[in-house]
Every structure is written in structure tokens, then in C-alpha cells.
Amino acid sequence: ETGVTQSPTHLIKTRGQQVTLRCSSQSGHNTVSWYQQALGQGPQFIFQYYREEENGRGNFPPRFSGLQFPNYSSELNVNALELDDSALYLCASSYNSGIETQYFGPGTRLLVL
Amino acid sequence: TQLLEQSPQFLSIQEGENLTVYCNSSSVFSSLQWYRQEPGEGPVLLVTVVTGGEVKKLKRLTFQFGDARKDSSLHITAAQPGDTGLYLCGSGNQFYFGTGTSLTVIP
């Protein structure tokens, strides 16, 4: 059974640029959630996708957008990058939304200069 | 406003000591989860507590869910260096995480 993978592991961008982060969910999982985690803080929920539809969204502006594909992998897109977007971006997959156990990937560390 | 507040934020103790981490909220949750996160990795689920007053044990870790389902605690007995990490509580619907407690156990 393959775990949750994310790419790239690290990324450096400049203000105003756009970035796409990718997540492959664990085999058999149909739900992917994305989180932003500042250093030493808890993850902040960005949004969740369930069977290719957005299933919940946190307090993030519209320049944070996402997609889920038929194979349940997912992308997080951030436009017009700001310095405060520098963080670890985590994705987690689960079988169905709700209180099903979710499994996290190792994250993508984004630095915006 | 943080929905789940954890305390303490940082904790540095000697190997063999006991410690307790708290997760508090003014909201009622149907369940709460505890995770441990090590540097460079994503959080790993330790336990889910569902029933008010519930106590769960995982080796040297004891988790308790408050009677009113608004708070939870994690108690570690005889801490080991391998317990070092960021401990997070999270809501059962997985939309909210606590502020985190960074634990360092010194050999």
C-alpha cells in the first residue's frame, strides 16, 4: 500500500508568482485535505476535496484553489504569492470525509522571497 | 481566534519525567484526535477520543476526553527522547487543529 506523497519537497518562489503543489493520495482513499502550517504552529485547514468536489473550505482567500482528479490525486494552486504564504503545505488523504482517519504526506516547504 | 488552544506551547523535560499537555476549546466536539509530528514529516495520528470522559492508553501515553467534550489531555509517563516532537490535537471532522505543543525530551 503506497502512502501519501507530495511534490515537490521544497520550493522557492518570489512574490507575485504562482505555484502548484501536488499530492497523491493513499491507495483506496477518495478524500484529500490541504493544510498550511507555519513553523511551530498547528496546521490551518485550507480546503477538502471529496470525489472531485470541494467539500469544505477554511479561511483562505480565493487565490488558493484546488483540484482533485479522477484518480483522487490533488493539486493546490496559489496565485499572486505573498511573503506570508511561506509555510509547510500538507495534504492528507482518507477514505470518505468526516472522522475517518486521515494520513498525511511529508509536506512541501514553500519559501516566498 | 483559535478554536483549539493547547498548553503549554513549549515543553523541555529530562528523560524519565512525566508531563501533561492540554487541549481546550469553548466548543463541543463529537470527537478529538491527537497527533505527533516530527521534523520534516506530516502529523501521525495517535488516538481518537469519542465519548465524554473517555480514557485511552497507548503504552506510556494516556489520553482523556473531557466530560463536556470541550477539552482533552495527553499525559506521558516516563518520557523518552523518542517522544520528542510537536503534539497536536485536532477536531474530529479534521478541519481544525490546535496550536501545538513542542516537546523536547533531554537524555
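Bear in mind that the values here come from a model prediction, so they are computed numbers and not experimental data.

Cut-offs used in this document
- Residues numbered from 1 in each chain as written.
- Chains lettered and ligands numbered in written order.
- Predicted model: local features only at pLDDT ≥ 70, side-chain atom pairs only at ≥ 80, totals over all residues.
- Heavy atoms only, no water.
- Phe/Tyr/Trp six-rings, centres within 6.5 Å; stacked < 30°, edge-to-face > 60°.
- Patch = residues over 30% accessible without salt bridge, like charges linked within 9 Å, V, L, I, M, F, W, Y side chains within 5 Å.
- Areas by Shrake-Rupley, 256 points an atom, 1.4 Å probe, with all protein chains shown as cover.
- Salt bridge = Lys/Arg side-chain N within 4 Å of Asp/Glu carboxyl O.
- Helix = DSSP H or I, 4+ residues; strand = E, 2+ residues; numbered from the N terminus.
- Buried < 20%, exposed > 50% of the residue type's maximum accessible area, 1.4 Å probe, protein only.
- Polar contact = N/O pair within 3.5 Å; in protein donor to acceptor, adjacent residues only side chain to side chain.
- Contact = heavy atoms within 4.5 Å.
- Pairing = 2+ DSSP bridges.
- Axes fitted to C-alpha atoms, helices over the stretch in contact; angles between N-to-C directions.
- 1 Å grid on protein atoms, 1.4 Å probe; cavity = no way out; pocket = protein on both sides within 12 Å on 5 of 7 lines; lining within 4 Å.
- Points joined across faces, edges and corners; volume = space filled by probe spheres on them.
- Nonpolar A, V, L, I, M, F, W, Y, C, P; charged D, E, K, R; others polar.
- Disulfide = S-S within 2.5 Å.
- Core = buried A, V, L, I, M, F, W, Y, C linked by side-chain atoms within 4.5 Å.

Participant: Could you give me a rundown of the packing of aromatic side chains, with the residues and numbers involved?
Facilitator: For any pair of aromatic rings, the description rests on two quantities: the centre-to-centre distance and the angle between the ring planes. A full pass over the atoms with the stated rule returns 10 aromatic pairs over all chains. By the ring-pair criterion, three or more aromatic residues cluster together here, those being Tyr35(A), Phe45(A), Phe104(A), Tyr35(B), Phe95(B) and Phe97(B).

Participant: Can you explain a nonpolar patch on the surface? Please cite residues and give values.
Facilitator: Where nonpolar side chains cluster on the molecular surface, the patch consists of Ile12(A), Leu111(A) and Leu113(A) and spans about 300 Å² of accessible area. Here Leu113(A) shows up in the segment after β11 (108-112).

Participant: Before we move on, could you go through the side chain of Gln36(A) and cite the residues and values that matter?
Facilitator: Residues and elements named next belong to chain A. Take glutamine 36: it is sitting in strand β4 (residues 31-37). Judged by its relative accessible area of 14%, glutamine 36 is buried. A distance of 2.9 Å separates the side chain of glutamine 36 from the side chain of tyrosine 89, its partner in a polar contact. If we ignore the near neighbours within four places in the chain, the residues touching glutamine 36 are Gly42, Pro43, Gln44, Ile46, Phe60, Phe64, Asp84, Asp85, Ala87, Leu88 and Tyr89.

Participant: Talk me through the sheet that holds strand β1 (residues 5-7) of chain B; I want residue IDs and the actual numbers.
Facilitator: The pairing of strands in a sheet happens through backbone hydrogen bonds and is either parallel or antiparallel. All names here are of chain B. Overall, antiparallel pairing links the 5 strands, which are arranged β1-β3-β8-β7-β6 in an open sheet. Every other strand in the sheet has two partners, leaving β1 and β6 (55-58) as the edge strands with one partner each. Across the sheet, the axes of successive neighbouring strands diverge by a mean angle of 15°, strand direction being ignored. One ladder, built from 5 bridges, connects strand β7 (residues 61-65) with strand β8 (residues 71-76); its direction is antiparallel. Note on β8: the bridge partner recorded for glutamine 64 is serine 73.

Participant: I'd love a proper account of the side chain of Asp83(B), names of residues and values included.
Facilitator: Residue and element names in this part refer to chain B. Looking at where aspartate 83 falls in the secondary structure, it is placed in the loop between β8 and β9 (85-91). Taking the relative accessible area as the measure of exposure, aspartate 83 reaches 4% and is therefore buried. The residues contacting aspartate 83, other than those within four sequence positions of it, are Arg36, Arg60, Ile76, Leu103 and Val105.

Participant: Kindly report on the layout of surface pockets, identifying the contributing residues and their values.
Facilitator: Here the largest pocket defines a volume of roughly 400 Å³. If you trace the largest pocket, you find 22 residues lining it, with Arg109(A), Gln37(B), Glu38(B), Pro39(B) and Gly40(B) closest to the centre. Per-class residue counts for the lining of the largest pocket are 8 nonpolar, 11 polar and 3 charged.

Participant: So what's going on with the state of the cysteines? Residues and values would help.
Facilitator: Enumeration according to the criterion identifies 2 disulfides over all chains in this entry. Note that Cys23(A) is cross-linked by a disulfide to Cys91(A), the S-S spacing being 1.9 Å. Handedness here is read from the sign of the S-S torsion; for Cys23(A) and Cys91(A), about 70°, the answer is right-handed. Here the residue Cys23(A) occupies a position in strand β3 (residues 19-24), and Cys91(A) occupies one in strand β9 (residues 87-94), the gap between them amounting to 68 residues. No difference in accessibility class separates Cys23(A) from Cys91(A), as the two residues are buried. One disulfide in the model links Cys23(B) with Cys89(B); its S-S distance is 2.1 Å.

Participant: Can you explain the nonpolar core? Please cite residues and give values.
Facilitator: Core analysis: the largest hydrophobic core is formed by 21 residues, its most contacted members being Leu19(B), Leu32(B), Trp34(B), Phe63(B), Leu74(B), Ile76(B) and Leu103(B). Mapped by element, the contributors of at least two residues to this core are β3 (19-24), β4 (32-37), β5 (44-49), β7, β8, β9 and β10 (101-106) of chain B. Leu19(B) has contacts with Leu11(B), Ile13(B), Leu74(B), His75(B), Ile76(B), Ala79(B) and Leu103(B), leaving out every residue within four places of it along the chain. By size, the runner-up hydrophobic cluster in this structure holds 19 residues, among which are Cys23(A), Val32(A), Phe47(A) and Phe60(A).

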